[in-house]
Amino acid sequence: MIQVTHISKEFVSPKKYPGLKGAVKGLFSNEKVRKTAVDDISFHISEGEIVGYIGSNGAGKSTTIKMMTGILTPTTGQCLINGIDPSKNRMENAQNIGVVFGQRTQLWWDLPLSESFTILKEIYNVSEEDYKSRMDFLNEVLDLPEFFDRPVRTLSLGQRMRADLGAALIHNPKVLYLDEPTIGLDIVVKDKIRDAIRQINAQYRTTVILTTHDIGDIEELCSRIIIIDEGKKIYDGGLEELKNTYGAVRKVTMEVRRMERISEIDWENRLHANSSLFTVQTDSEKNLLTVSFDKNRIQVSDIISSVMEVSDVKDIQIQETELSEIVKAIYRHRI
Ligand SMILES: Nc1ncnc2c1ncn2[C@@H]1O[C@H](COP(=O)(O)OP(=O)(O)O)[C@@H](O)[C@H]1O
Ligand SMILES: [Mg+2]
């Protein structure tokens, strides 16, 4: 359904100088700054997949989505969405895709929501019959009737997001792009949005690409993730596989009585392990010591006994790594 082949996007913008003087200088300067926002990325996505597209701020997620939707043209490389190159046939591509940008709305701010839907129905040429069955489904999964007659500007963020998601789906697109769809939402609304995405995917085999900061979205929705960092793809594979490969990290947190003595511990020696296999963090205010370690190489009992030799331990907690930690570790190591 989606074939992205070696796409890159370079932005060239005028060089900025600081201050007012700088602003004036900038007007007369020809100096340019080049920024490669997306750097040689390729992937294929099949019909019906839900793929999480993740990376830290500025990694190039939105730029990739914009190239796939035809808003931006790649500097090099090509996207084919259901066989169509969105930068060449933007209108044709638009019939196949739905897009939601969490940060802004595609709805008409001052019109009642119902009118935005009627306009979109006309734009996409949806027949009366299709529209009706579509709305029956959307009303059910998104609870739109609650606020269908209200102007969009009066909707809460959660209602607006449900409205935007509904609006993106009126023409039954084959591909749905969601750029940060749960940003700023409380947990109840998040759940509702996630549930709706799941149902849309299940019922219509809609292919979904989701960028998000929220690891919860990923865990609940995606079986596959693509991680990008500084414009480059650094991981593409299953979520379970990622957890198994990098999830060997475990964390033990101890509340100790004598924090000042912790620095005496010769960790490498005591754990029989190189320092790359563990990290030690301390919080002296709360008297907490946290050791993250590779559970295949280091015994938790060695950690605990090393600590107990220098201080009493009031409390111990052992945790498996959370997905967010794994993702952070991947960024750090740039694999
Ligand atoms: N129109 C633009 N002009 C210049 N630089 C841009 C433009 N859009 C994005 N960038 C830069 O490209 C990089 C990637 O941005 P973006 O794709 O929005 O990241 P993300 O969505 O992952 O946070 C950032 O460094 C951003 O500043
Ligand atoms: Mg973005």
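Residues numbered from 1 in each chain as written. Chains lettered and ligands numbered in written order. Predicted model: local features only at pLDDT ≥ 70, side-chain atom pairs only at ≥ 80, totals over all residues. Heavy atoms only, no water.

Looking now at the overall build of the protein chain. Check the secondary structure of the protein chain and you find 12 helices and 13 strands. Projected onto the principal axes, the alpha-carbon positions of the protein chain cover approximately 75 × 55 × 40 Å. Expressed as a percentage of the 335 residues in the protein chain, the buried residues total 46%. Looking at the protein chain alone, contacts between residues at least 24 apart form 72% of all its contacts between residues at least 6 apart. The distance from the centre of the 43 positive side-chain charges to the centre of the 49 negative ones in the protein chain is 6 Å. (Helix = DSSP H or I, 4+ residues; strand = E, 2+ residues; numbered from the N terminus. Buried < 20%, exposed > 50% of the residue type's maximum accessible area, 1.4 Å probe, protein only. Contact = heavy atoms within 4.5 Å. Lys, Arg positive; Asp, Glu negative; His and termini not counted. Charge placed at Lys NZ, Arg CZ, Asp CG, Glu CD.)

Inspection of every chain in the model, using the stated rule, returns 3 aromatic pairs. Centroid distance F137 to Y204: 5.1 Å. Interplanar angle 80°. Geometry classified as edge-to-face. Of this pair, F137 sits in helix α5 (residues 128-142) while Y204 sits in helix α7 (residues 187-204), and the two are 67 residues apart along the sequence. With relative accessibility at 28%, the residue Y204 sits in the partly exposed group. We note R104 situated over the ring of F101; from NZ or CZ to the ring centre the distance is 4.7 Å. (Phe/Tyr/Trp six-rings, centres within 6.5 Å; stacked < 30°, edge-to-face > 60°. Lys NZ or Arg CZ within 6 Å of the ring centre and 35° of its normal.)

We now examine the environment of F101. Mapped onto the secondary structure, F101 falls in strand β5 (residues 97-101). Each C-alpha atom of the pair F101 and E180 lies 6.5 Å from the other, and the pair is 79 residues apart in sequence. Ignoring sequence-local partners within four residues, the contact set of F101 consists of I65, K66, I71, R160 and D179.

So, about the packing of α5 against helix α6 (residues 157-169). Where α5 meets α6, the axes come as close as 10 Å, and the angle between the chain directions of the two elements is 155°. The angle between α5 and α6 falls in the class roughly antiparallel. Helix-helix and strand crossings are classified by hand; for α5 and α6 the assignment is right-handed. Contacts between α5 and α6 pair R134, L138 and L142 from the former with R162, L165, G166 and L169 from the latter. Among the residues forming the contact of α5 with α6, the class breakdown is 4 nonpolar, 1 polar and 2 charged. (Axes fitted to C-alpha atoms, helices over the stretch in contact; angles between N-to-C directions. Parallel < 35°, antiparallel > 145°, perpendicular 65-115°, else oblique. Left-handed = near helix turned anticlockwise from the far one by under 90°. Nonpolar A, V, L, I, M, F, W, Y, C, P; charged D, E, K, R; others polar.)

What follows covers the sheet that holds strand β6 (residues 175-179). Across a sheet, paired strands are connected by hydrogen bonds in the backbone, their directions being either parallel or antiparallel. If you walk across this open sheet you meet the 6 strands as β5-β6-β7-β3-β8-β9, and the pairing is mixed. Two strands close off the open sheet at either side, each with one partner strand: β5 and β9 (232-238). Across the sheet, the mean angle separating the axes of adjacent strands is 15° when strand polarity is ignored. Sheet analysis places β5 next to β6, joined by 5 bridges and oriented parallel. Each bridged residue has a counterpart across the sheet, and for F101 the counterpart in β6 is D179. (Pairing = 2+ DSSP bridges.)

Before going further, it helps to examine the pattern of salt bridges. On inspection of all chains with the given rule, the structure shows 25 salt bridges. Of the charged contacts in the structure, one is a salt bridge between K88 and D85, with a shortest N-O distance of 3.4 Å. Residue D85 is classed as buried on the basis of its relative accessible area, which comes to 10%. Taking the shortest distance from any N to any O, the salt bridge between R261 and E264 comes out at 3.0 Å. Salt bridges linked by common partners bring K190, D191, R194, D195, R198, D214, D217 and E220 together as one network. (Salt bridge = Lys/Arg side-chain N within 4 Å of Asp/Glu carboxyl O.)

So, about the nonpolar core. If you look at the biggest cluster of nonpolar residues, it comprises 49 residues, and the most contacted ones within it are L113, F117, L144, L165, L178 and I225. Excluding residues that lie within four positions of it along the chain, I225 makes contacts with G52, I54, I218, Y235, D236, G237, L239 and L242. Counting 23 residues, the second-largest nonpolar core is a separate cluster that includes F43, V51, V175 and I228. (Core = buried A, V, L, I, M, F, W, Y, C linked by side-chain atoms within 4.5 Å.)

With that settled, the discussion passes to the environment of R205. Relative to the assigned elements, R205 resides in the loop between α7 and β7 (207-211). Looking at R205, the relative accessible area reads 47%, which means it is partly exposed. Along the sequence, R205 and R153 sit 52 residues apart, while their C-alpha atoms lie 32 Å from each other. Not counting the four nearest positions on each side in its chain, R205 is found in contact with E47, G48 and I200.

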